[in-house]
Amino acid sequence: MLPEEKEILVTRASMPSYEEFIEEIKPIWDTAWMTNMGEFHNRLNEGLKEYLKVSNLILFVNGHMALEMALQAMNLTGEVITTPFSFASTAHAIVRNNLTPVFCDIKEDDYTIDADKIEELITDRTAAIVPVHVYGAVCDVEKIEAIARKYHLKVIYDAAHAFGEEVNGRGVGTFGDASMFSFHATKVFNTIEGGAVAFHDPSLEILLNYLKNFGITGKESVEYIGGNAKMNEFQAAMGLCNLRHVDENIEKRKKAAEEYRSRLSGVPGIRLMDEKPGVRYNYAYFPVAFEGFTLTRNQVYDLLAQHHIFARKYFYPLIPDFDCYKEQFAGARVPVARKAAENVLTLPLYGELLVEEADRICDIILNAGRRESL
Ligand code: T4K
């Protein structure tokens with residue numbers, strides 16, 4: 001296959017070598033212990049606490065259930081202020097807890113919730129804020145903390161995209177009351193499927209552990225209406241392997257991301273996401289906004305697809321415009337988020353993406369842009 005015919009998807013899961021994984025899971029055949037908080041689960045839990053620089057962490061079967069159960073553990077009622085510019089999971093976790101999402105607009109420079117617009121949405125029913133570190137851009141954590149303190153609100157971050165990020169050396173999962181990380185195959189670090197909640201109040205640990213195991217509290221007692229959200233031993237084993245390589249993986253992503261940045265920054269009509277000083281980024285996604293470029297976002301998407309390059313429109317449509325929400329929320333006043341949903345394309349980015357491939361993607365976009373402007 002010619003290099004220009006090779007299919008390039010938006011991401012490609014990072015995996016250890018076949019031999020490394022097989023060696024890792026061998027002991028499971030001795031113990032036959034495959035799930036329910038086994039040895040691999042517990043080792044990964046400790047390893048991740050250290051890597052993420054958080055004091056309290058509980059593993060889950062996936063990021064979505066982690067977020068749902070973090071919200072359940074907070075015992076909230078009423079409204080939750082959140083972003084419309086995210087994956088379905090964020091709003092679904094709120095609604096599935098019988099809470100009402102209130103959509104706050106986002107910032108143009110990094111697509112995170114606009115903290116200056118939160119206060120005007122607070123009512124006497126507001127219980128919490130669920131911001132998202134979307135694409136790995138860290139939210140305005142200080143402003144959000146000040147608002148939460150002033151109005152006695154809980155803050156639960158959706159940090160699905162922010163694995164391993166730090167702000168001035170502090171783990172991103174230490175902000176707010178809790179943070180959810182996703183370890184899905186498409187993420188910077190994966191356990192095939194998986195997730196975790198990092199949290200501030202250590203007394204939540206017992207409750208979260210009960211909730212993920214049906215609310216069972218003893219041999220003959222069930223005190224909570226929990227679910228089944230346990231990470232199994234094979235997932236944890238994949239995590240233990242991937243954790244050994246995650247720094248190397250982030251370095252490789254960084255190289256491809258830097259190539260995109262150097263080729264695309266300063267091009268009229270193309271806007272790249274701002275990077276803030278003091279943040280250790282993980283290069284999870286590379287979003288590009290086409291605003292007044294010679295091609296629209298959708299034209300760039302189609303053009304790349306003709307070259308077997310499958311970028312993605314994360315996050316289109318906007319959550320309030322989903323079929324399941326539009327009746328109630330399509331009127332949400334979120335113009336910046338609407339514009340982002342129309343204009344942003346996330347380019348392929350993963351550890352194995354070669355710098356030359358990133359370069360070729362830029363060539364395709366820039367050459368077509370030049371042709372159109374003639
Ligand atoms: N909050 C936010 C902000 C999130 O973005 C997500 C998940 C969540 C919460 C919930 O976390 P989890 O419960 O998922 O842990 C993908 C992922 O399924 C989803 O985890 C992720 N966000 C979302 C942004 O992207 P799709 O429907 O776009 O995935 P899919 O199947 O099209 O895969 C994308 C590309 O990834 C493929 O083209 C190739 C590559 N891939 C995919 C899979 C499944 C692999 O290389 N290996 C694989 O096994 O949702």
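Above this text is the structure in question.
**Description of the environment of Ile-216**
Next up, step 1: Within the secondary structure layout, Ile-216 lies in strand 11 (residues 216–218).
Next up, step 2: On the accessibility criterion, Ile-216 (34% relative accessible area) is partly exposed.
Next up, step 3: Sequence separation of Ile-216 and Phe-315 is 99 residues, and the distance between their C-alpha atoms is 37 Å.
Next up, step 4: In this view, Ile-216 contacts Tyr-210, Ser-221 and Val-222; residues no more than four positions away in its chain are not counted.

**Here we look at the site of the ligand**
Next up, step 1: Contacts to the ligand come from 26 residues, most closely from Asp-158, His-161, Ser-182, Arg-312 and Tyr-314.
Next up, step 2: In the environment of the ligand, an oxygen atom lies 2.9 Å from a nitrogen or oxygen atom belonging to the backbone of Ala-13.
Next up, step 3: A total of 920 Å² of accessible area belongs to the ligand in isolation, and the protein chains cover 74% of it.
Next up, step 4: Elements with a contribution of two residues or more to the shell around the ligand: helix 4 (63–74), helix 5 (88–95) and strand 9 (178–182).
Next up, step 5: When grouped by side-chain class, the residues that make up the shell around the ligand number ten nonpolar, twelve polar and four charged.

**Focus on the pairing of strand 5 (residues 126–130)**
Next up, step 1: A large share of strand 5 lies buried, amounting to five of its five residues.
Next up, step 2: Bridge analysis of strand 3 (residues 79–82) against strand 5 gives four bridges, and the strand direction is parallel. Residue Ile-81 lies in a different strand from strand 5, and its bridge partner there is Ile-129.
Next up, step 3: As paired elements, strand 5 and strand 6 (residues 154–158) share two bridges and run parallel to each other. Across the sheet, Ile-129 pairs through a bridge with Val-155, a residue of strand 6.
Next up, step 4: A crossover connection joins strand 5 to the parallel strand 6 through helix 6 (residues 141–151); in handedness this β-α-β unit is right-handed.

**Re the side chain of Thr-217**
Next up, step 1: With respect to the secondary-structure elements, Thr-217 resides in strand 11.
Next up, step 2: A distance of 2.9 Å separates a polar atom in the side chain of Thr-217 from a polar atom in the side chain of Ser-221.
Next up, step 3: At 3.0 Å, the side chain of Thr-217 and the side chain of Glu-223 are in polar contact.
Next up, step 4: Once you skip the residues sitting within four places of it in the chain, Thr-217 turns out to touch Tyr-210, Val-222, Glu-223 and Tyr-224.

**Here's the deal with the sheet that holds strand 9**
Next up, step 1: Overall, mixed pairing links the seven strands, which are arranged 2-10-9-6-5-3-4 in an open sheet. The sheet is open, and its two edges are formed by strand 2 (57–60) and strand 4 (100–103), each paired on a single side. Adjacent strand axes in the sheet meet at a mean angle of 25° when their direction is disregarded.
Next up, step 2: Alignment of strand 6 against strand 9, held across three bridges, turns out to be parallel. Looking at the pairing, Asp-158 lines up with Met-180 of strand 9.
Next up, step 3: In this fold helix 3 (residues 39–52) packs onto strand 2 and strand 9, with an angle of close to 130° to the strand it touches most, strand 2.
Next up, step 4: Helix 6 contacts strand 5 and strand 6 of the sheet and is inclined by roughly 150° relative to strand 6.

Definitions and limits used
- Residues numbered from 1 in each chain as written.
- Predicted model: local features only at pLDDT ≥ 70, side-chain atom pairs only at ≥ 80, totals over all residues.
- Heavy atoms only, no water.
- Helix = DSSP H or I, 4+ residues; strand = E, 2+ residues; numbered from the N terminus.
- Buried < 20%, exposed > 50% of the residue type's maximum accessible area, 1.4 Å probe, protein only.
- Contact = heavy atoms within 4.5 Å.
- Near = heavy atom within 4 Å.
- Polar contact = N/O pair within 3.5 Å; in protein donor to acceptor, adjacent residues only side chain to side chain.
- Areas by Shrake-Rupley, 256 points an atom, 1.4 Å probe, with all protein chains shown as cover.
- Nonpolar A, V, L, I, M, F, W, Y, C, P; charged D, E, K, R; others polar.
- Pairing = 2+ DSSP bridges.
- Right-handed = clockwise from strand over helix to strand, strands pointing away.
- Axes fitted to C-alpha atoms, helices over the stretch in contact; angles between N-to-C directions.

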